[in-house]
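# A structural walkthrough
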Amino acid sequence: QAQLVESGGGLVPAGGSTRLSCTSSGRTFSTYVIGWFRQAPGKEREFVGAMSGGVSYYGDSVKGRITISRDSDKNTVYLQMNNLKPEDTAVYYCAAGGPYALSSDSAYEYWGQGTQVFVSS
């Protein structure tokens, strides 16, 4: 069964950094777009970034503060977040989709369960 599992969330002080991991199992996602989204309480799910064919794309609200990378040997995609702000507090999800999936969450087929990031002020 294809599965995505996020890890690495937790409590981070404002201005700090954290790295989230998205590990896949059950099938190869090497040709899929891997996207990161987040959802804060009472808000809609927001596009954070995606990696497609080795190229990374970033959402406007986090551009300049995040980096997406991939370790194919570990079937893992990473989301490095720096200079975190309290408004970055959210549940972060990774997802896998076809070649046209990027910022549209409806284009993603597989989703992880999410990992909570809480940024304290």
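So, here's what we can say about the structure.

### Structural notes on the pairing of strand β3 (residues 18–25)
Pairing geometry for strand β1 (residues 3–7) and β3, over five bridges, is antiparallel. Counted as the bridge partner of V5 is T23 from β3. Relative to strand β8 (residues 76–81), β3 runs antiparallel, the two being bridged by six bridges. The residue bridging L20 from the neighbouring strand is L79, located in β8.

### Some thoughts on the packing of aromatic side chains
Counted by the stated rule, this structure contains eight aromatic pairs. With 5.2 Å between their ring centres and 80° between their planes, F29 and Y110 make a pair best called edge-to-face. Highlighted residues: F29 in the loop between β3 and β4 (33–39) and Y110 in strand β10 (residues 108–111), separated in sequence by 81 residues. Y110 matches F29 in its accessibility class, with the two residues each being buried. Measuring from ring centre to ring centre gives 5.2 Å for F37 and Y108, while their planes differ by 80°; the resulting arrangement is edge-to-face.

### Let's talk about the sheet that holds β3
Across the sheet, which stays open at both edges, the four strands sit in the order β1-β3-β8-β7 with antiparallel pairing between neighbours. If you trace the sheet from one side to the other, it starts and ends with β1 and β7 (66–71), each paired once. Here the strands of the sheet are splayed against their neighbours by 15° on average, with no regard to which way each runs.

### Notes on unusual backbone geometry
Of all residues except glycine, most have a negative phi; of all peptide bonds, most are trans. Notably, N75 is not glycine yet its phi reads approximately 50°, a positive angle. In this structure, N75 sits in the loop between β7 and β8. Its relative accessible area of 44% is what places N75 among the partly exposed residues. Non-glycine residue N83 carries a positive phi angle of around 50°. Structurally, the position occupied by N83 is in the loop between β8 and β9 (90–97).

### Considerations on the state of the cysteines
For the structure on display, the rule yields one disulfide. The residue that forms a disulfide with C22 is C94, at a sulfur-sulfur distance of 2.1 Å. Between C22 and C94, the disulfide has an S-S torsion of 70° and is therefore right-handed. With C22 in strand β3 and C94 in strand β9, this pair connects stretches of sequence that are 72 residues apart. Residues C22 and C94 agree in their burial class; the two are buried.

### Quick word on the environment of V55
If you trace the backbone, V55 turns up in strand β6 (residues 55–58). Taking the relative accessible area as the measure of exposure, V55 reaches 41% and is therefore partly exposed. For V55 and A90, which are 35 residues apart along the polypeptide, the C-alpha to C-alpha distance reads 25 Å.

So, how was this worked out
- Residues numbered from 1 in each chain as written.
- Predicted model: local features only at pLDDT ≥ 70, side-chain atom pairs only at ≥ 80, totals over all residues.
- Heavy atoms only, no water.
- Pairing = 2+ DSSP bridges.
- Helix = DSSP H or I, 4+ residues; strand = E, 2+ residues; numbered from the N terminus.
- Phe/Tyr/Trp six-rings, centres within 6.5 Å; stacked < 30°, edge-to-face > 60°.
- Buried < 20%, exposed > 50% of the residue type's maximum accessible area, 1.4 Å probe, protein only.
- Axes fitted to C-alpha atoms, helices over the stretch in contact; angles between N-to-C directions.
- Disulfide = S-S within 2.5 Å.

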